[in-house]
Amino acid sequence: MAKIPPPLWLLAEVTHSCPLQCPYCSNPLELVPKKDELDTETWLKVLHQARKLGAAQLGFSGGEPLVRKDLEVLVGEARKLGYYSNLITSGVGMDAARVEKFRELGLDHIQISFQADDASLNDYLAGTKAFQHKLDMARAVKASGYPMVLCFVIHRQNMHRVAQMLDLAVELQADYVELATTQFEGWALANRDHLLPSLEQVRAAERVAKSYQEKLKGQMRIYYVVPDYYEQRPKACVAGWGRVFLAVAPDGLALPCHSARSLPGLELHNVREHDLDWIWYESSAFNYFRGEAWMKEPCRSCDEREKDFGGCHCQAFKLTGDPKNADPTCAKSPHHHLIGQAIDTSQLNLISSKPLLFRKR
Ligand code: FES
């Protein structure tokens, strides 16, 4: 096997707790309870070990990372260690003083997510009243000198309002906007029949995003990626297993991808017991999908295998029962018809549907 590169990106999932209940949450259905979370000291050890390994970019995420009272301690340490650090947040749990504190401590980036561009839809999807506070916090972030980074998670329930979302971004003087299409993992997969957009919605959103990209060139960068259910080839999930990305879950499990704990046969290790260096280079979990030996057809002989690495193994497992199958979003997969079926089922569900399942807090 080729030499293993060091991880570049550490995702610190510091908690699964969240004041919001978004039905598109990609966290597992079984959330890590607060009592099982790593303590401050162990998180500091994780930051040190990952930096020593070579990680340069650090994301604080969750759940809602602001729930952790020691977030400031971790942010300060990240700066001392020389990370480029990013806080991925709903904005709930923040106030202007905390934004200022993060700035003093050297946090590089704050990304605030919105559920929609208007209060009623936003608060419905968040399961709580949060829209006005998000607006206030977005303004506070901008006022403190940070670049304004907004994220709208889009799906069938809100995709018709992409133009209004981008108008809001303009009003807030956003520098970057991500129109993040829902990934069907965790709670989002449980709610897929409600969240999967139609082809018409996807194409309309694409047209709107393109026209705003042209109109706002040089002023605001807009990222929009077509949902993989409507692509012919899978995405290289986490840029390839064990190549760049290392996540640590709230309970200390080191994960090669966000959803790895759902995969059968994968022996995951905990940072409480093992050094990250060993986990990254030696553990069976991180080596599981490295290289090509694990591949079955059609991936094994595919001339695009070094581009997408077989796609998302968690998606392959959830939809086909075997994580070594090609991601069924690939048109070459013998299971690709499952994607068409999912789209058809979700369209039927437009007429009669079970209620949305809101994430547990
Ligand atoms: Fe696990 Fe894609 S989320 S490989």
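Residues numbered from 1 in each chain as written. Predicted model: local features only at pLDDT ≥ 70, side-chain atom pairs only at ≥ 80, totals over all residues. Heavy atoms only, no water.

Novice: Explanation requested: the pattern of salt bridges in the structure shown.
Specialist: Pairs can form between side chains of opposite charge whenever their charged atoms are close. For the coordinates displayed, the defined rule picks out 20 salt bridges. Among the ionic pairs, Lys-34 bridges to Glu-37, the shortest N-O distance being 3.4 Å. For Lys-34, a relative accessible area of 46% translates into the label partly exposed. Residue Arg-68 pairs with Asp-70 through a salt bridge whose shortest N-O separation is 2.8 Å. (Salt bridge = Lys/Arg side-chain N within 4 Å of Asp/Glu carboxyl O. Buried < 20%, exposed > 50% of the residue type's maximum accessible area, 1.4 Å probe, protein only.)

Novice: Just checking my understanding: could you explain helix α4 (residues 119–126) for this structure?
Specialist: Those residues of α4 that sit buried are Leu-121, Asn-122, Asp-123, Leu-125 and Ala-126. Just past α4, the residue Gly-127 takes up positive phi, approximately 75°. (Helix = DSSP H or I, 4+ residues; strand = E, 2+ residues; numbered from the N terminus.)

Novice: Would you mind showing me how to read the side chain of Glu-185 here?
Specialist: Mapped onto the fold, Glu-185 is located in the loop between β6 (176–181) and α7 (186–190). Once residues within four sequence positions are removed from consideration, Glu-185 is found in contact with Cys-25, Ser-26, Ser-259, Cys-312, Cys-314, Gln-315 and Lys-318. (Contact = heavy atoms within 4.5 Å.)

Novice: What should I look at first to understand the nonpolar core in this one?
Specialist: As a rule of thumb, soluble globular proteins bury nonpolar side chains together. Counting 107 residues, the largest nonpolar core has Leu-10, Phe-60, Phe-114, Leu-150 and Leu-179 as its most contacted members. The element best represented in this core is helix α5 (residues 131–143), accounting for six residues. (Core = buried A, V, L, I, M, F, W, Y, C linked by side-chain atoms within 4.5 Å.)

Novice: Is there a simple way to think about the sheet that holds strand β7 (residues 221–224) in this case?
Specialist: Backbone hydrogen bonds hold the strands of a sheet together, and the pairing may be parallel or antiparallel. Reading across from one edge, β7-β6-β5-β4-β3-β2-β1-β8-β9 is the order of the nine strands in this open sheet, with mixed pairing throughout. The sheet is open, and its two edges are formed by β7 and β9 (254–255), each paired on a single side. When strand β1 (residues 9–13) meets strand β8 (residues 245–248), the two strands line up parallel, connected through four bridges. Opposite Leu-11, over in β8, you have Ala-247 as the bridge partner. Docked against the sheet, helix α1 (residues 40–53) engages β1, β2 (57–61) and β8, running at close to 170° with respect to β1. (Pairing = 2+ DSSP bridges. Axes fitted to C-alpha atoms, helices over the stretch in contact; angles between N-to-C directions.)

Novice: Whenever I open this one, the pairing of β7 confuses me. Can you help?
Specialist: Within a regular beta strand, the side chains point alternately toward one face of the sheet and then the other, so they alternate between its two faces. Only one face of β7 is covered, namely the face carrying Ile-222 and Tyr-224; the face carrying Arg-221 and Tyr-223 is uncovered. Examined bridge by bridge, β6 and β7 share four bridges and lie parallel to one another. By the bridge assignment for β7, Tyr-176 is matched with Arg-221.

Novice: I tried to follow the packing of aromatic side chains on my own but got confused; where do I start?
Specialist: The relative placement of two aromatic rings is captured by the distance of their centres and the angle of their planes. For the coordinates displayed, the defined rule picks out nine aromatic pairs. Pairing Phe-114 with Phe-152 gives two aromatic rings, centres 5.8 Å apart and planes at 35°, and the pair type is tilted. Here the residue Phe-114 occupies a position in strand β4 (residues 109–114), and Phe-152 occupies one in strand β5 (residues 149–154), the gap between them amounting to 38 residues. Taking the relative accessible area as the measure of exposure, Phe-114 reaches 0% and is therefore buried. An aromatic cluster is built from Trp-241, Tyr-288, Phe-289 and Trp-294, whose rings are joined through pairwise contacts. Above the face of the Tyr-146 ring, Arg-103 is positioned so that its terminal group lies 4.9 Å from the ring centre. In this arrangement the basic side chain of Lys-134 is found over the ring face of Phe-114, its NZ or CZ atom lying 5.6 Å from the centre. (Phe/Tyr/Trp six-rings, centres within 6.5 Å; stacked < 30°, edge-to-face > 60°. Lys NZ or Arg CZ within 6 Å of the ring centre and 35° of its normal.)

Novice: Is there a simple way to think about unusual backbone geometry in this case?
Specialist: Most peptide bonds are trans, and most residues other than glycine sit at a negative phi. For the peptide bond that leads from Gly-62 to Gly-63, omega is 20°, which places it in the cis range. Put simply, Glu-297 and Pro-298 share a cis peptide bond, and its omega is 10°. Topologically, Pro-298 is positioned in the loop between α11 (284–287) and α12 (305–308). Even without glycine at this site, Ala-239 takes up a positive phi of about 60°.

Novice: Honestly, α1 in this entry has me stumped. Any pointers?
Specialist: Owing to its 3.6 residues per turn, the α-helix brings residues three or four apart onto one side. The terminal C-alpha atoms of α1 lie 20 Å apart, and with 14 residues this matches the ideal 20 Å at 1.5 Å per residue to within 8%. Taken together, the buried positions of α1 are occupied by Thr-42, Trp-43, Val-46, Leu-47, Gln-49, Ala-50 and Leu-53. Elements that come into contact with the buried residues of α1 comprise β1, β2, α2 (71–81), β8 and α10 (276–281). Taken from the residues just after α1, Gly-54 is the one with a positive phi, measuring 130°. (Expected span 1.5 Å × (residues − 1).)

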